[in-house]
Amino acid sequence: MKNTVRLILVFGLLFSFGFQIEGWSQSYNEKIYDAVQWRMVGPHRGGRAAAVAGVASEKNTFYFGATGGGVWKTTDGGKTWGNISDGFFGGSIGAVTVADSDPNIIYVGGGEKTVRGNVSYGYGMWKSTDAGKTWEHLGMEESRFISRIRIHPTNPDIVYAAILGDIFKPTEMRGVYKSTDGGKTWDRKLFASKVAGAVDLILDPNNPNILYATTWDIKRTPYSLESGGPDSKMFKSKDGGENWKEISRNKGLPEGTLGIMGITVSPLNSNRLWTIIENLNGGVFRSDDGGETWEKTNEDRNLRQRAWYYTRIYADTQSDSTVYVMNVSYHKSTDGGKTFTGSNAPHGDHHDLWIDPKDNQRMIIADDGGAQVSFDGGESWSTYMNHPTAQFYRVTTDDHFPYRIYGAQQDNSTMRINHRNEGAGITENDWEVSAGSESGWLAVDPTDNDVVYGGNYGGLLQMLNHRTGARRNVNVYPDNPMGHGAEGMKYRFQWNFPIFFSPHDPKVLYTTSNLFHRSTNGGQTWETFSPDLTRNAKEKLGPSGGPITKDNTSVEYYSTIFTATESPLKKGVLWAGSDDGLLHVSVNNGKTWENVTPKDLPEWIQINSMEGHPFEEGGLYIAATSYKNGDFAPYLYKTSDYGKSWTKIVSGIDAQHFTRVVRADPAKKGILYAGTETGMYISFNDGGSWQPFQLNLPIVPITDLTIKENNLIAATQGRSFWIIDDLTVIHQLSDNIESKPFHLFKPQDSYRLDGDRKESKTAGTNRPGGVLVYYHLKEDAKEEVRLEFYDNERNLIKEFSSKGIEEDTLKYKTGSNEFNWNLRIPDAKGFEGMIMWSGPLRGPKVVPGDYMVRLIVDGQSQDQRFKVLPDLRYPSSQDDLQAQYDFLLKVRDKLTETHETIILIRKYRAELDTIVQKNPRQKRRIEPIVNAISDIEKELYQTQNRSGQDPLNYPIRLNNKLAHLNSIVGTGEFRPTDGAEEVRVEITRQIDIQLKKFRDIEKSQISNILNIDEMKAELEKK
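What counts and how
- Numbers given to residues run from 1 along each chain, matching the order in which its sequence is written.
- Reporting of local features is limited, given that this is a predicted model, to residues whose pLDDT is at least 70; pairs of side-chain atoms are given and counted only at 80 or more, and all residues count toward the totals for whole chains, interfaces and linings.
- With hydrogens and water stripped out, all remaining heavy atoms of the structure feed into the side-chain values.
- The way it works is that DSSP assigns letters per residue, a run of H or I at least four long becomes a helix, a run of E at least two long becomes a strand, and they are numbered from the N terminus.
- We compute the radius of gyration over the C-alpha atoms and compare it with the globule rule, which gives 2.2 Å times the number of residues raised to the power 0.38.
- For the exposure calls, accessible area comes from a 1.4 Å probe over protein chains only, and a residue counts as buried if that area is under 20% of its type's maximum, exposed if over 50%, partly exposed in between.
- Residue contacts follow a heavy-atom distance rule, with two residues in contact if any of their heavy atoms lie within 4.5 Å.
- Methods summary: accessible areas were calculated by the Shrake-Rupley approach with a probe of 1.4 Å, and residue burial reflects only the protein chains presented.
- We score Asp and Glu as negative and Lys and Arg as positive, and we do not count His or the chain ends.
- Every charge is mapped onto a representative atom, which is NZ of Lys, CZ of Arg, CG of Asp or CD of Glu.
- Any two strands are treated as partners once DSSP identifies two or more bridges connecting them.
- Fitted lines through C-alpha atoms give the axes, limited to the stretch in contact for helices. The angle between two N-to-C directions lies from 0 to 180 degrees.
- Within 6.5 Å between ring centres, the rings of Phe, Tyr and Trp (the latter by its six-membered ring) count as paired, and their orientation is classed by plane angle as stacked under 30 degrees, edge-to-face over 60, tilted in between.
- Only Lys NZ and Arg CZ are tested; either one counts as a charge over a ring when it is within 6 Å of the ring centre and within 35 degrees of the ring normal.
- Nonpolar core, defined: a set of buried Ala, Val, Leu, Ile, Met, Phe, Trp, Tyr and Cys residues in which side-chain atoms within 4.5 Å join the residues together.
- The term salt bridge refers to a pairing of a side-chain nitrogen on Lys or Arg with a carboxyl oxygen on Asp or Glu at a separation within 4 Å.
- Contacts described as polar in this section are N or O atom pairs within 3.5 Å, which, within protein, must combine one atom able to donate a hydrogen with one able to accept it, while residues neighboring in sequence count only if both atoms come from side chains.
- Multiplying 1.5 Å by the residue count of a helix minus one yields the expected span of that helix.
- The arc in question is formed by the directions pointing from the helix axis toward the C-beta atoms.
- Patch construction takes residues with relative accessible area above 30% that form no salt bridge. Like charges are linked within 9 Å, and nonpolar side chains (Val, Leu, Ile, Met, Phe, Trp, Tyr) are linked within 5 Å.
- The cut-offs work like this: below 35 degrees is roughly parallel, past 145 is roughly antiparallel, 65 to 115 is roughly perpendicular, and the gaps in between are oblique.
- Two helices that cross are described as forming a left-handed crossing if the nearer one is turned anticlockwise from the farther one by less than a right angle, and a right-handed crossing if clockwise.
- By the convention adopted, Pro, Cys, Tyr, Trp, Phe, Met, Ile, Leu, Val and Ala count as nonpolar, Lys, Arg, Asp and Glu as charged, and the other residues, Gly among them, as polar.

**Q** So what's going on with the overall build of the chain? Residues and values would help.
**A** In terms of regular secondary structure, the chain is built from seven helices and 64 strands. Whereas a compact globule of 1022 residues would reach a radius of gyration of roughly 31 Å, the chain reaches 34 Å, a difference of no more than 12%. Taken along its principal axes, the extent of the C-alpha atoms in the chain is 110 × 70 × 55 Å. Burial analysis of the chain (1022 residues in total) assigns 63% to the buried set. Restricting to contacts in the chain with at least 6 residues of sequence separation, those with at least 24 account for 58%. Accessible surface for the chain amounts to roughly 38,500 Å². Of this, 46% is attributable to carbon and sulfur atoms. Of the charged side chains in the chain, 119 are positive and 132 negative; the average position of the first set lies 1 Å away from that of the second.

So, in structure tokens, the structure goes:
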């Protein structure tokens, strides 16, 4: 199909890219550097979900679709979740349905029905025939929002889709579509209008030829949500969807304007229907004659508040008197819909429900925290703290060591989260709630990393001192706007208004409404120092929600300064970008302002983010979006002369990938990063051309980017925070790398920190400790690939080879490679079966300083230097760290010597025992020798240990006591204590006594019986 080909081309652009040339073009083959990967930091805290499904024949298998985050599956009842759409598609999911007749067949529709202010569209229809392992695209990409999919109960090739359509502009692709060939072709069977799509769809569980559907007259603009109108209707079909009859005005249903409607059929009684209707006289209605006549059973506003966001209703599968309604709480009625009892899943704001057709105690619910599973009818639910589908608006960092990431999670709280730790993953222990709430910017006080300012809707601006827990609200003008339109506001503060500190004066805190404000005393007083820097479009400042239910939360407040910044190079150069398409600059600290809007910028576009040029005083980059006007094109611009002239810089970005953010690399002039609705891009020539920078990042909206310590951090709308740990590889790209047989990139200077990188379904991925080394191989090596690490005096410290060294084999591939050295020298030698109690053999980390890595490929080599940096959490001097290293080196070397002796003792004893077995007359001569060296071994090592807990029964010996100092002195970054040195000297003295005893016996007795030189040489080879 044409549609299929079109979307395949769109997605193909993310992976193999061809782009138009504007001026000088520069690009690099991604295979040179694709070992540089995105790392999912987390948090594992669910974001909004609007679609769930279960499998009736598989008790623990469930699915959900995230809004922005793709499709997820659990096979253990919600204990863990894994994404199953990555590599095929992503984005926002509106419908997930599993075929009753074959659980391997799944249909998925893109685009959430929960059309709130940060709504994201999807990428058409997808199908899997192997339970989500692989996917086929079925077209329908122009649908944008698919709100329901229903599959024939016995023939999975017959499938229906409720297409809500493009909510930003009138379109033809709306209504109910049907396929009879498994989704290969689709025919529209029901159409209300170009502004009303199908929002709910149900098949009679007892007769799949009977269908019910509702259409919804809905539109979103940059300044309003309009729910309800003449084309919101209810329909019924008796012939498999071929023909439809409107039943919206049947007896008992309300008159007047209708909005969103949900409908359901009891599986136990096909004549019993329920609907929930948005209307001035709306509520829950029941029909007992297949929709011919209706009776209102409930009008409680708790069931129909914020109707556009909820309005879903579900019949129980085991009782024809039980029905559920989704809203802030979910509500259950057991008397046919007359009375309801409210309950909450772990998060709240509920959107979808699936109930097992055979067991009504088994269900899955979708809400603003993702999806949760219940096996007891909702008495208890699985957690939402195990899937990383959080939606973040903005991202910033602090100067803490290691630095922390900050952002506001939609439908939850703000957060600060460690970007790395010394464990194996980023867990709940690494994050905490910060200032403000779900929709705000955050700004960290430059003089105190624990003082944070955060925003939220309603103009909330809050200070939080993380150290003391003190909170203070410092709103510019604390007039609660809730329920009002923007027309009466003194200051129009948008849902996501800017908050930031001056890069030149740490006392100056800025924020913006439709005007610019600043404070020099932490928000105690505010100076308003600009005129209205927006179009002040009176006709676009009224109440939002539509003709039935108003919804004024400041999300739709328009004509506001949506993004702002101060030049990082020149104090007092201030920029303001509005959500109604204006750009202003002040070069005199806000005394006067000039309108410098690019002439070809669409009139009502939203300037979403801006970036002061890191190398040019008059430079600025902007990213703008116009998708809520139905325009999905990218808009990126740059200026170098304070806005007197502008250059549009979008060549190479897909025409449908609207841009949300642009950032300039502060370490390498000309490198830009752009985040779009559908993925990441990079430019190597200051925006002259772009190419994908997706790598392993899922297809997800990128809402913001920031750069810290040569790390690139992305805030996503549906997949939490992601990070690239080393941009220095990107900085080093050049034209000749691809043609060289091999290339070693200069490693990034690396802190002396530990950490493990382990994949987990319940924790974010950590940065591994040590140094990351990247290299490129044009072809496979003929003999060997080798990495060697040297200190500043060219002493070899550690080596790794594809041929294997001490059972450690360097793994590589042609193309781009990453290698992680943990900065530790080789461990002390151990022996088979050794059991120790708190006695690690690990070698110490090298001290801070200058080092070199050498890549050797088939005898040819390349060197690169790098620095090891101190752990800044510790006050220790270089001398302190050298003393620690020297101490641990002595421990390691003495342990190796001790264990090599034990290995020799065991080797000699085995040979001597063999001699006795062959010639018993040698026993009198050999037995005393064996006993003597065995006694030495017992002094050095507890030979009775056979299991990990045995040292609690059999006292540890000298080697364990010495190795324990590895744990004691190797903890932290400090000079060894005097007590530790005293113990080391004493234990070493005792070990040396035993070693001398052994050498004396070896020289005077064993050498007369065995060829010890030959045996030592044999052990050396091993």
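Now, onward.
**Q** Please provide a residue-by-residue account of the sheet that holds strand S38 (residues 499-501), values included.
**A** Within the open sheet, the four strands sit side by side as S38-S39-S40-S41. Their pairing is antiparallel. For this open sheet the edge positions go to S38 and strand S41 (527-528), each flanked by a neighbour on one side alone. The pairing of strand S39 (residues 509-512) with strand S40 (residues 516-519) spans four bridges and is classified as antiparallel. Counterpart to Tyr510 in the pairing with S40 is Arg518.

**Q** Which residues make up the sheet that holds strand S10 (residues 146-151), and what values go with them?
**A** Taken in spatial order, the four strands of this open sheet run S10-S11-S12-S13, and their pairing is antiparallel. Looking at the sheet topology across the chains shown, the edges are occupied by S10 and strand S13 (187-190). Taken over all neighbouring pairs, the strand axes of this sheet differ in orientation by 30 degrees on average, direction set aside. The pairing of strand S12 (residues 175-179) with S13 spans three bridges and is classified as antiparallel. Paired with Tyr177 across the bridge in S13 is Arg188.

**Q** Explain the environment of Ile364 to me, using residue names and the numbers behind them.
**A** With respect to the secondary-structure elements, Ile364 resides in strand S28 (residues 363-367). A C-alpha to C-alpha distance of 32 Å links Ile364 and Gly546, two positions 182 residues apart in sequence.

**Q** Help me get a handle on the pairing of S28, residues and values and all.
**A** On a regular strand, each side chain points to the face opposite its neighbour's, so the side chains alternate between the two faces of the sheet. Among the five residues of S28, five are classified as buried, and the element is accordingly described as predominantly covered. Residues Met363, Ile365 and Asp367 point to one face of S28 and Ile364 and Ala366 to the other, with burial holding for every one of them. Across five bridges, the pairing between strand S27 (residues 350-355) and S28 is antiparallel. Pairing of Asp352 across the sheet is with Ala366, part of S28. One ladder, built from five bridges, connects S28 with strand S29 (residues 370-374); its direction is antiparallel. Paired with Ile365 across the two strands is Gln372, which belongs to S29. Counted along the chain from S28 to the antiparallel partner S29, the turn is two residues long.

**Q** Hey, could you go over the packing of aromatic side chains for me, with residue numbers and the actual values?
**A** Going through the model one piece at a time under the given rule, you end up with 46 aromatic pairs. With a centroid separation of 5.1 Å and an interplanar angle of 85 degrees, the aromatic rings of Tyr874 and Phe974 are classed as edge-to-face. Taken as a pair, Tyr874 in the loop between strand S64 (860-869) and helix H3 (878-918) and Phe974 in the loop between helix H5 (958-969) and helix H6 (978-1004) lie far apart in primary sequence, 100 residues in all. Its end group placed over the ring of Phe191, Arg188 keeps NZ or CZ at 3.9 Å from the ring centre. In this structure, Lys540 is placed above the aromatic ring of Trp604, and the distance from its NZ or CZ to the ring centre is 4.0 Å.

**Q** Describe unusual backbone geometry, listing the residues and the values that go with them.
**A** Along the chain, Gly42 connects to Pro43 via a cis peptide bond; the corresponding omega equals 10 degrees. Take Pro43: it is sitting in the loop between strand S1 (38-42) and strand S2 (49-54). At Asn589, a residue that is not glycine, the phi angle is positive and equals roughly 65 degrees. Secondary-structure assignment places Asn589 in the loop between strand S44 (583-586) and strand S45 (594-595). The residue Arg794 is not glycine, and still its phi comes out positive at about 65 degrees. Looking at the element boundaries, Arg794 is found in the loop between strand S60 (785-791) and strand S61 (796-801).

**Q** Describe the nonpolar core, with residues and values.
**A** Tyr908 and Ile1006 are the most contacted members of the largest nonpolar core, which totals 37 residues. Of all elements in the fold, only H3, helix H4 (923-940), H5, H6 and helix H7 (1012-1021) reach the threshold of two or more residues within this core. Excluding residues that lie within four positions of it along the chain, Ile1006 makes contacts with Tyr908, Ile929, Ile933, Ile1001 and Ile1012. Ile84, Val96, Val115 and Ala131 belong to the second largest nonpolar core, which has 36 residues in total.

**Q** Pulling in residues and values, what's your account of the pattern of salt bridges?
**A** Throughout the structure, instances matching the rule amount to 58 salt bridges. The residue Lys296 makes a salt bridge to Glu299 at a minimum N-O spacing of 3.1 Å. One salt bridge connects Arg467 with Asp450, and the closest N-O pair in it is separated by 3.1 Å. Of this pair, Arg467 sits in the loop between strand S36 (461-465) and strand S37 (471-473) while Asp450 sits in the loop between strand S34 (442-444) and strand S35 (451-455), and the two are 17 residues apart along the sequence. A relative accessible area of 17% means that Asp450 is categorised as buried. One network of salt bridges, in which partners are shared, links Asp398, Arg404, Arg416, Glu432, Asp448, Asp450 and Arg467.

**Q** Explain the side chain of His152 to me, and be specific about the residues and the numbers.
**A** Considering the arrangement of structural elements, one finds His152 in the loop between S10 and strand S11 (159-163). Judged by its relative accessible area of 14%, His152 falls in the buried class. Among the polar contacts listed, one links the side chain of His152 to the backbone nitrogen of Asn155, at a separation of 3.2 Å. Leave out the neighbours within four places in its chain, and His152 touches Ile158, Leu203 and Pro208.

**Q** Please provide a residue-by-residue account of H4, values included.
**A** Between its first and last C-alpha atoms H4 spans 25 Å; for 18 residues at 1.5 Å apiece the expected length is 26 Å, and the two agree. Among all positions of H4, only Ile926, Ile929, Val930, Ile933, Ser934, Ile936, Glu937 and Leu940 are buried. Around the axis of H4, the buried residues are gathered within 155 degrees of arc, so they sit on the same side. Of the surrounding secondary structure, the elements contacted by the buried residues of H4 are H3, H5 and H6.

**Q** Can you explain a negative patch on the surface? Please cite residues and give values.
**A** Together, Glu806, Glu807, Asp808 and Asp827 line one region of the surface with negative charge. Note on Glu807: relative accessible area 84%, which makes it exposed.

**Q** Can you lay out the pairing of S40 for me, pointing to particular residues and giving the numbers?
**A** The alternating pattern of S40 places Phe516 and Arg518 and His517 and Ser519 on opposite faces, both of which are buried. Here two bridges tie S40 to S41, and the two strands are oriented antiparallel to one another. Counterpart to Arg518 in the pairing with S41 is Glu527.

**Q** Give me the lowdown on the packing of H4 against H6, citing residues and values where you can.
**A** Put simply, H4 and H6 touch, their axes get as near as 10 Å, and they point 160 degrees apart. The angle between the axes of H4 and H6 places the two elements in the roughly antiparallel class. Crossing hand, H4 versus H6: left-handed. Contacts between H4 and H6 involve Ile929, Ala932, Ile933, Ile936, Glu939 and Leu940 from the first element and Ile991, Gln994, Leu995, Lys997, Phe998 and Ile1001 from the second. Looking at the contact of H4 with H6 residue by residue, the class counts come to nine nonpolar, one polar and two charged.

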